[in-house]
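# A structural walkthrough
Listed below, chain by chain, are the residues.
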Amino acid sequence: MKVGDAGVIDAIRARRSIGRLTEPAPDDDELRQILEAAACAPDHGELRPWKFVVLRGKAKDAFGEVLADSYLARVQAIGASPSDGQLEKERTKLGRAPLVVIVCAVNRHSDEIPWVEQLLAAGAAAQNILLAATALGYGSMWRTGPPAYDHRVLHAIGLDDRDAIVGFIYLGAPNAGRELPPHEPDLEDSVEYWRAPV
Ligand SMILES: Cc1cc2nc3c(=O)[nH]c(=O)nc-3n(C[C@H](O)[C@H](O)[C@H](O)COP(=O)(O)O)c2cc1C
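Residues numbered from 1 in each chain as written. Predicted model: local features only at pLDDT ≥ 70, side-chain atom pairs only at ≥ 80, totals over all residues. Heavy atoms only, no water.

## So, the overall build of the protein chain
- Assigned secondary structure in the protein chain consists of 6 helices and 5 strands.
- For the protein chain, the sequential pattern of α-helices and β-strands runs α-β-α-β-α-α-β-α-β-α-β.
- Its C-alpha atoms put the protein chain at 60 × 50 × 35 Å along the principal axes.
- Across the 198 residues that make up the protein chain, the buried fraction comes to 39%.
- Within the protein chain, residue pairs in contact and separated by at least 24 positions form 79% of the contacts whose partners lie at least 6 positions apart.
- As presented, the protein chain carries roughly 11,800 Å² of accessible surface, and 54% of it is formed by carbon and sulfur atoms.
- If the 22 positive side-chain charges of the protein chain are averaged to one point and the 29 negative ones to another, these points end up 4 Å apart. (Helix = DSSP H or I, 4+ residues; strand = E, 2+ residues; numbered from the N terminus. Buried < 20%, exposed > 50% of the residue type's maximum accessible area, 1.4 Å probe, protein only. Contact = heavy atoms within 4.5 Å. Areas by Shrake-Rupley, 256 points an atom, 1.4 Å probe, with all protein chains shown as cover. Lys, Arg positive; Asp, Glu negative; His and termini not counted. Charge placed at Lys NZ, Arg CZ, Asp CG, Glu CD.)

See below:
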């Protein structure tokens, strides 16, 4: 089947990271479409090595406390002093969008499919979320940072230490008038046409 015209390519080029997003967020039906797009990612062995944790409303506020506590624990673990500013930033950072999806790579412990491939599948799912959101007219941003690599944050969403947080995907409406231009990618130094040595 040929996918319609330039729609996908347009969405790929138009997708830009937008740091501050506002209401409206995707509604439940749109979120379902977005998460189904995520679950269409290529997935070697059909292991479904992912989980999508949705944070909206009060859950988002409560998860801010998880992020703040994990920041305090990280600082204490190295014997440093927390900064009030950073603590508040951790507590409130999820407020940068009305909806956040944590994309997790869940390790299926397969003998055939290496963990790196499961991680890549979850990364492809994250990209599908960005593209589906773009196609539906929403802004998005993929973020990580120290919380993504903190076992306390993983445990708070039911992951264990052999799983991974691939990203915190922020979703919402872009602020009007602050759109970034579509990508104009430069392939210089990125592409080679391999030829057999003569
Ligand atoms: C795995 C991953 C992690 C990222 N983490 C962050 C982040 O923590 N903070 C941030 O500002 N951007 C983050 N980004 C977004 C990139 O900075 C952004 O995609 C890049 O600047 C290019 O901009 P564009 O998305 O508009 O093309 C991340 C992207 C990826 C793929």
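## Digging into the side chain of Arg 143
- Along the chain, Arg 143 falls in strand 4 (residues 139-143).
- At 10 Å, Glu 90 is the nearest oppositely charged side chain to Arg 143, a buried residue that forms no salt bridge.
- Side-chain polar atoms of Arg 143 contact the backbone oxygen of Gly 19, separated by 3.2 Å.
- For Arg 143, the residues in contact, after removing those within four places along its chain, are Gly 19, Arg 96, Gly 167, Phe 168 and Tyr 170. (Salt bridge = Lys/Arg side-chain N within 4 Å of Asp/Glu carboxyl O. Polar contact = N/O pair within 3.5 Å; in protein donor to acceptor, adjacent residues only side chain to side chain.)

## Re the pairing of strand 4
- Burial runs high along strand 4: 4 of the 5 residues are buried.
- Note that strand 4 and strand 5 (residues 164-174) share 5 bridges and pair antiparallel. Looking at strand 5, one finds that Arg 143 is bridged to Phe 168. (Pairing = 2+ DSSP bridges.)

## Remarks on the packing of aromatic side chains
- Scanning the model with the defined rule gives 1 aromatic pair in all.
- Relative to Phe 52, the ring of Trp 50 lies with its centre 6.3 Å away and its plane at 25°, an arrangement referred to as stacked.
- With relative accessibility at 7%, the residue Trp 50 sits in the buried group.
- For Arg 143, the ring lying beneath its charged end belongs to Tyr 170, and the centroid distance is 5.2 Å. (Phe/Tyr/Trp six-rings, centres within 6.5 Å; stacked < 30°, edge-to-face > 60°. Lys NZ or Arg CZ within 6 Å of the ring centre and 35° of its normal.)

## Here we look at the environment of Gln 118
- With respect to the helices, strands and loops of the structure, Gln 118 is situated in helix 5 (residues 115-135).
- When the C-alpha atoms of Gln 118 and Asp 163 are compared, they prove to be 9.9 Å apart, with 45 residues separating the residues in sequence.
- In this structure, Gln 118 is in contact with Leu 47, Pro 49, Val 106, Asn 107, Arg 108, His 109, Ser 110 and Ile 113, ignoring residues within four places of it in sequence.

## Observations regarding the environment of Glu 23
- Along the chain, Glu 23 turns up in the loop between strand 1 (21-22) and helix 2 (28-38).
- Remark: the alpha-carbon pair of Glu 23 and Ala 164, spanning 141 residues in sequence, is separated by 29 Å.
- When neighbours within four sequence positions are excluded, Glu 23 is seen to be in contact with Pro 98 and Ala 173.
- A polar contact is formed between the side chain of Glu 23 and the backbone nitrogen of Ala 25, at a distance of 3.3 Å.

## Re the nonpolar core
- Formed by 25 residues in total, the largest nonpolar core has its most connected members in Trp 50, Val 101, Val 103, Ile 129, Val 166, Ile 169 and Leu 171.
- Among the elements of the structure, helix 2, strand 3 (99-105), helix 5 and strand 5 are those that each provide at least two residues to this core.
- Ignoring any residue separated from it by four or fewer positions in sequence, one finds Leu 171 in contact with Leu 21, Pro 26, Ala 97, Pro 98, Leu 99, Val 101, Ile 129, Ala 133, Gly 139 and Ser 140. (Core = buried A, V, L, I, M, F, W, Y, C linked by side-chain atoms within 4.5 Å.)

Note that all results are geometric; they support no functional claim without further evidence.
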